[in-house]
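The residues making up each chain are set out below.
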Amino acid sequence: MWVATILLSFLTARAAALSIVELGNFDWTITSQNKSVSVPAKFPSLSHLDLYAAGVIDNPLHNLNEFIQRWVAYQNWTYSAPVIGLKSDAASTWLVFDGLDTFTDITLCGKHVGNTDNMFRQWYFDVTDIVSACKAKSKLSINFGSAPLVAQAIANTPGVEKWPVVPNNIQYPFEIPNREYIRKEQSDFGWDWGPAFASQGPWKPGYLVQFKSKDVYVRNTAVDVRKQDQLPLVIPDQSKPWVINASIDLIGNVPSGAKMNYRLLDLTNKTVCSGALSDVNVTSVSVAGLATIEEGTVDRWWPNGYGSQTLYYLDYDLVDSSGSTLASVSKRIGFRTIVLNSYPVSDADIAKGIAPGNNWHFEVNGHEMYMKGSNFIPADCFWPRVTPDFIRMILESVKAGHQTMVRVWASGAYSPDFMHDIADELGIFLWSEFEFGDALYPVAKSFLDNVREEVIYNSRRLSHHPSLAFWAGGNELENLMLPQIQQDDPDHFDRWIGEYETLFFDTIFPALFENQRSISYMPSSTSNGWEMLDYSKPIPIVPRLYNTTAGSIYGETDFYNYDSTQSFNLSAYPVGRFSNEFGFHSMPSRQSWQQQVDPEYLNFNSSVVVLRNHHYPSGSLNTSNFHNSSLGMVEMTLGIERWLPTPMKEDSLKNFTAWCHATQVFQGAFIKSQIEFYRRGSGMPERQLGCLYWQLNDQWVASTWASMEYDGRWKVLHYLGIDIYSPVIIAPYFDFTNSSLEVYVTSDLWSEAKGNAKFTWYDWSGNPLKVSSKSLSSFSVGAINTTKVLELNAKDTLPDLADAVLFMEHSTQGQAPNTDTTTTFTHENYFAPISLADAKLVDPGLKISYSAEKGCFSVTATKGVAAYVWLDYPNGAVVHFDANAFWLRKGQTREVGYTVVSDTTGGKWTDEVTVESVWDLTTRD
Ligand SMILES: *[C@@H]1O[C@H](CO)[C@@H](O)[C@H](O)[C@H]1NC(C)=O
Ligand SMILES: *[C@@H]1O[C@H](CO)[C@@H](O)[C@H](O)[C@H]1NC(C)=O
Ligand SMILES: *[C@@H]1O[C@H](CO)[C@@H](O)[C@H](O)[C@H]1NC(C)=O
Ligand SMILES: *[C@@H]1O[C@H](CO)[C@@H](O)[C@H](O)[C@H]1NC(C)=O
Ligand SMILES: *[C@@H]1O[C@H](CO)[C@@H](O)[C@H](O)[C@H]1NC(C)=O
Ligand SMILES: *[C@@H]1O[C@H](CO)[C@@H](O)[C@H](O)[C@H]1NC(C)=O
Ligand SMILES: *[C@@H]1O[C@H](CO)[C@@H](O)[C@H](O)[C@H]1NC(C)=O
């Protein structure tokens, strides 16, 4: 499938130009500011990657190199190369850069070409005159300015916007300050899950384009597939025909009388329909036309688990009046609607038990659905080395996890096309955001103009993907930054709100709206949705912000509580319509640590392990702020001590391994309990319709919120997520203060399902306990709803809370969405009415064997109940087990298959797979 994707991108770039030379074919050199370093470079690339490849610097991710290599970011680097492939008979010559990170001064043949100041924009320059006047051998040279120094210089410019510093310093720096002034990936200056390299370079491809006379070069496209008359945030009318607005952004001259033709093909290249595009508009930079496709002509695209991911090719051409083709484009598209419903809760819904207020959920192809997913951070500190295979591995982990939506967080970079191509194929919605987060931003005209170009380029570039779900303006603005500045600077709050509206409503929304009507927009994740929607107004969205009424429920929630005394306290969890962030940090496995940290530092409290924990952010550039990092380590430690047997192994490496693993079990259990809570919310007054945990992936080896490690290993959380995101789950809800236990079955199917539930109590040695409770053996559960199946008071019914485990299971007949067959859904879960730190755990006597023939491991608990059974495997391979971190009853055997992601052991990793459970955390070596 990737081959097809490459072909597509190539076709897109193909046009009638005389010659297109990829700048990557030039022989590049990167040179330091004082010229003491001058080594071969790649294009696309970044300074750290080229310096590492040339041996000038060590692996940036090794030990504390993040701190040692700061000097790289604090100087300019020049990428230069002799120009090759220039045609002498060209009428004009252009340089096109798909991405330059960030501040550049470009020269060709010693002549100034231009400057750039936004890594998210595409830049293009007419260099015809320079080329024709160029006498000596032509050289292209791009001087990249140090982003931290340029940002500092902007901050020091007289008259530049400043924000109050006391008492909370609203523009708190993660590491390098002043990121809010510049249009560079915000996390390049540090974040609480990653390092701050602030690298620079040509991070995306570039082209030398030459024309004869009337040629055109396709530099971008936009394809908006929508229902006729559809408007953002308005529920689309599914009976209306589809409208495709297809356009080409070009360099060159479009002759008068130009026309556009299109062909819609299925993936076998069979033509579905074709013709001329109507309402064609031609400007000096763009051409656009419309096609109308009757409802029923095409099959719809559905997300993972909800139907098939039907895709089509849209081929469209620009032709002149004599019928010759000036440019052809081929885009793979899909037909679906997705809208954020933020309308007031109707009276009919209130009668169903839904609390008043506003909705905040997604509807896909006219269906309400429960979105399950996670949050994506930039796949690597250095984007040019991110391959489609790596992204596919991440998104396949998402798909395996029954997830339907990934929020591509707002302070990284706009997704590469290939990421959306893969998401289109796998059925994963990508909630996209403009790159602003956890700061207030300037509103100077030059800044806003720069942002507008960035919005136009990226929203058009990504518009054709059915996986594109949503656009949000930025991260944690309405729920964090605005309330904070209201506290810090109450007298000027109107001004700060006004500036927020200037950027996110008056600038970003119109720029998006002019280019795409099929996608909903909200200025911020998290938000309370809109209060008024009126397309007769210049700015149609009036945000609700803080205009809320007690007893009513509005928007999304974002929840972090690092006080582990509250970790499983359901009454501490937020009640909202949707949960777009919640998480807790954990250590990566010892195996991952060994990939980036030297053996002498493999200790929970070593300087390297602690300082690579950026929670809490240091707020500075050096290693002196050990204090903030230690706070994060203490939170993990307390989480373990309160909720799990505390590891204490004599062997130092085994001790470290156990501590790393224990942090993951705590993280996984805590986040799982929140997912259970949010999913049950679908049948509660809040009518909660989505949860996306923080965070999916990692960009280095450090303590972070991720459910997957940097090399693709799944943490405990990822396995528990796969389980608890199953379509129909059974889960316990326990109140530690009064010992009341309730068990619910929650379904995200689209029709009522009927099932049976079974409950068995055991002591830890695996002997059944007689416990009487009010329970339903057979039940029905409504569409996206929940039903209570058991209720008891643990203290009143159980002889010993420390020696009791509830095993619960259900088997339910239901219909998976968009199928007409009945399927049996099953799920099992366990519950202990006391912290596992206090439970009377016994050695469950785990045994493991491997069958090469069946390609699976077989695990048995021979002596008792085993909690969080963990299959572990050595370095050298990355393997995803079909299940892990599960529980076993005494005498139960579970077969566990696996998928090999990568393997350099020649298959020998299977010999070294071990099994343990939380009981093993405390046992001596
Ligand atoms: C050039 O710059 C590097 C890095 O900033 C520095 O280490 C080196 O001493 C400088 N060399 C000269 C000759 O100034
Ligand atoms: C470094 O880059 C900045 C930003 O482009 C520029 O203003 C400055 O002149 C450059 N300095 C050198 C020595 O190249
Ligand atoms: C469809 O056409 C494209 C472009 O000509 C070609 O690359 C591709 O292999 C064809 N696909 C099939 C299934 O025939
Ligand atoms: C071209 O412009 C007209 C007038 O503004 C508009 O009605 C039409 O929809 C435009 N066509 C496209 C493809 O946007
Ligand atoms: C969920 O199920 C309950 C019990 O059948 C029912 O009263 C409630 O209206 C349902 N909620 C929704 C939103 O349909
Ligand atoms: C608050 O919202 C309500 C609608 O929910 C609206 O009628 C009212 O005018 C709003 N108040 C303010 C101060 O915006
Ligand atoms: C095991 O690691 C923990 C956490 O770092 C530490 O407190 C404890 O002393 C270690 N135990 C041994 C025996 O090294």
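How each quantity is defined
Residues numbered from 1 in each chain as written. Chains lettered and ligands numbered in written order. Predicted model: local features only at pLDDT ≥ 70, side-chain atom pairs only at ≥ 80, totals over all residues. Heavy atoms only, no water. UniProt positions renumbered as here; feature names shortened; annotations may be inferred. Helix = DSSP H or I, 4+ residues; strand = E, 2+ residues; numbered from the N terminus. Rg over C-alpha atoms; globule rule 2.2 N^0.38 Å. Buried < 20%, exposed > 50% of the residue type's maximum accessible area, 1.4 Å probe, protein only. Areas by Shrake-Rupley, 256 points an atom, 1.4 Å probe, with all protein chains shown as cover. Expected span 1.5 Å × (residues − 1). Bend = angle between axes of the 7 residues up to and from the residue. Core = buried A, V, L, I, M, F, W, Y, C linked by side-chain atoms within 4.5 Å. Contact = heavy atoms within 4.5 Å. Domains from an automatic or database assignment. Pairing = 2+ DSSP bridges. Axes fitted to C-alpha atoms, helices over the stretch in contact; angles between N-to-C directions. Phe/Tyr/Trp six-rings, centres within 6.5 Å; stacked < 30°, edge-to-face > 60°. Near = heavy atom within 4 Å. Polar contact = N/O pair within 3.5 Å; in protein donor to acceptor, adjacent residues only side chain to side chain. Nonpolar A, V, L, I, M, F, W, Y, C, P; charged D, E, K, R; others polar. Salt bridge = Lys/Arg side-chain N within 4 Å of Asp/Glu carboxyl O. Left-handed = near helix turned anticlockwise from the far one by under 90°. Disulfide = S-S within 2.5 Å.

The protein chain carries the name Beta-mannosidase A in an unreviewed UniProt entry, which gives Rhizodiscina lignyota as its organism. Note on the protein chain: under the UniProt heading Subunit (unreviewed entry), the record states "Homodimer."

Quick notes on the overall build of the protein chain
Looking only at helices and strands, the protein chain has 19 helices and 48 strands in total. Against the compact-globule benchmark of 29 Å for 925 residues, the protein chain has a radius of gyration of 28 Å, which places it among compact chains. With respect to the three principal axes, the spread of C-alpha positions in the protein chain is 90 × 70 × 65 Å. Relative to its full complement of 925 residues, the protein chain shows a buried share of 63%. A total accessible area of about 32500 Å² is found for the protein chain, and carbon and sulfur atoms account for 51% of it.

Details of helix α12 (residues 493-513)
Taking 1.5 Å per residue, 21 residues should reach 30 Å; α12 reaches 28 Å between its end C-alpha atoms and fits that length. For α12, the principal kink sits at E501 and spans about 35 degrees.

A look at the nonpolar core
Formed by 200 residues in total, the largest nonpolar core has its most connected members in F362, F376, M405, W764, Y868, L871 and F881. Considering each element in turn, this core owes the most residues, 13 residues, to helix α16 (residues 652-680). Setting aside anything within four residues of it in sequence, one finds Y868 in contact with V665, A669, L720, L836, A885, F886, W887, E916, S917 and V918.

A few points about the domain arrangement of the protein chain
Split by domain assignment, the protein chain resolves into domain 1 (18-208), domain 2 (216-369 + 404-553), domain 3 (555-725), domain 4 (727-839) and domain 5 (846-922). Here the C-alpha centre of domain 4 lies 56 Å away from the C-alpha centre of domain 1.

Some points on the sheet that holds strand β33 (residues 740-747)
In spatial order, the strands read β32-β33-β38-β36; together these 4 strands make up an open sheet with antiparallel pairing. The open sheet is flanked by β32 (728-735) and β36 (774-775), the only strands paired with a single partner. Pairing geometry for β32 and β33, over 8 bridges, is antiparallel. Note on β33: the bridge partner recorded for I729 is T746. Where α16 meets the sheet, it contacts β32, β33 and β38 (785-793), and its direction lies at approximately 105 degrees from that of β32.

A few points about the packing of aromatic side chains
A full pass over the atoms with the stated rule returns 77 aromatic pairs. A centroid spacing of 6.3 Å and a plane angle of 85 degrees characterise the contact between F568 and F666, whose relative ring orientation is edge-to-face. Linking F568 in the loop between β29 (556-559) and β30 (578-582) with F666 in helix α16, this pair joins segments that are 98 residues apart in sequence. Look at F568 and you get buried, because its relative accessible area is 16%.

Looking at the site of ligand 5
For ligand 5, the full set of nearby residues is K352, I354, R687 and N785. A distance of 2.8 Å separates an oxygen atom of ligand 5 from a polar atom in the backbone of K352. About the coverage of ligand 5: the protein hides 50% of its 350 Å² of free accessible area. Across the shell around ligand 5, the residue classes tally to 1 nonpolar, 1 polar and 2 charged.

Some thoughts on the pattern of salt bridges
Enumeration according to the criterion identifies 36 salt bridges in this entry. In this structure, the salt-bridge partner of R300 is E295, at a minimum N-O distance of 3.1 Å. Judged by its relative accessible area of 15%, R300 is buried. Taking relative accessible area as the criterion, E295 reaches 35% and is therefore assigned partly exposed. The salt bridge involving D380 is made with R385; its shortest N-O contact spans 3.0 Å.

A short note on the side chain of R183
Here R183 is to be found in the loop between α6 (147-156) and β10 (206-211). For R183, a relative accessible area of 1% corresponds to the buried category. Within the structure, the side chain of R183 is placed 2.7 Å from the side chain of E454, a separation counted as a polar contact. Apart from residues no more than four positions distant in its own chain, R183 is found in contact with T102, D117, N118, M119, F120, E435, F436, Y441, F447, N450, V451 and E454.

Let's talk about the packing of helix α8 (residues 388-400) against helix α9 (residues 417-426)
Interhelical geometry of α8 versus α9 gives an angle of 35 degrees and a closest axis separation of 10 Å. Here the hand of the crossing between α8 and α9 comes out right-handed. Where α8 approaches α9, its residues P388, I391, R392, L395, E396 and K399 are matched on the opposing element by F418, M419, I422, A423, E425 and L426. Looking at the contact of α8 with α9 residue by residue, the class counts come to 8 nonpolar, no polar and 4 charged.

Brief notes about the pairing of strand β16 (residues 286-293)
Within a regular strand, side chains alternate between the sheet's two faces. Along β16, 6 of the 8 residues are buried, which leaves the element largely enclosed by surrounding structure. By the bridge criterion, 8 bridges tie strand β12 (residues 242-252) to β16 in an arrangement that is antiparallel. Each residue of the ladder has a partner; that of I244, found in β16, is A291. With 3 bridges joining them, strand β15 (residues 278-282) and β16 adopt antiparallel strand pairing.

Comments concerning the sheet that holds β10
The strand order β1-β10-β5-β8 describes an open sheet built from 4 strands, whose pairing is antiparallel. With one partner strand each, in any of the chains shown, β1 (19-22) and β8 (123-126) form the two edges of the open sheet. On average, each strand axis in the sheet is inclined to that of its neighbour by 15 degrees, with strand direction left out of account. In this sheet, β10 lies alongside strand β5 (residues 92-97) in antiparallel orientation, the contact comprising 6 bridges. By the bridge assignment, W94 is partnered in β10 with V209.

Some points on the state of the cysteines
Considering all chains together, one arrives at 1 disulfide under this definition. Sulfur-sulfur distance for the disulfide between C109 and C134 comes to 2.0 Å. On the S-S bond that ties C109 to C134, the torsion sits near -95 degrees, and the link is left-handed. One end of the pair, C109, is in the loop between β6 (103-108) and β7 (111-117); the other, C134, is in the loop between α5 (128-133) and β9 (139-144), and 25 residues separate them in sequence. Cysteine C660 remains unbridged, with the sulfur of C381 as its closest cysteine sulfur at 19 Å.

Overview of the site of ligand 1
Neighbouring ligand 1 are N34, S36 and Q75. At a separation of 2.4 Å, an oxygen atom of ligand 1 approaches a polar side-chain atom of N34. Burial of ligand 1 by the protein amounts to 32% of the accessible area it has alone, namely 360 Å².

Let's talk about the UniProt feature "domain: Mannosidase Ig/CBM-like" (unreviewed entry) in the protein chain
Under the UniProt annotation, the feature "domain: Mannosidase Ig/CBM-like" (unreviewed entry) is placed at residues 740-801. As annotated, residues 740-801 has a helix share of 6% and a strand share of 56%, and its two end C-alpha atoms lie 12 Å apart.

Brief notes about the packing of helix α10 (residues 445-462) against α12
At their nearest, the axes of α10 and α12 sit 9 Å apart, and the two run at 40 degrees to each other. Along this stretch, α10 crosses α12, giving a crossing that reads as right-handed. Contacts from L448, V451, R452, V455, I456 and S459 in α10 reach T502, L503, T507, I508, A511 and L512 in α12.

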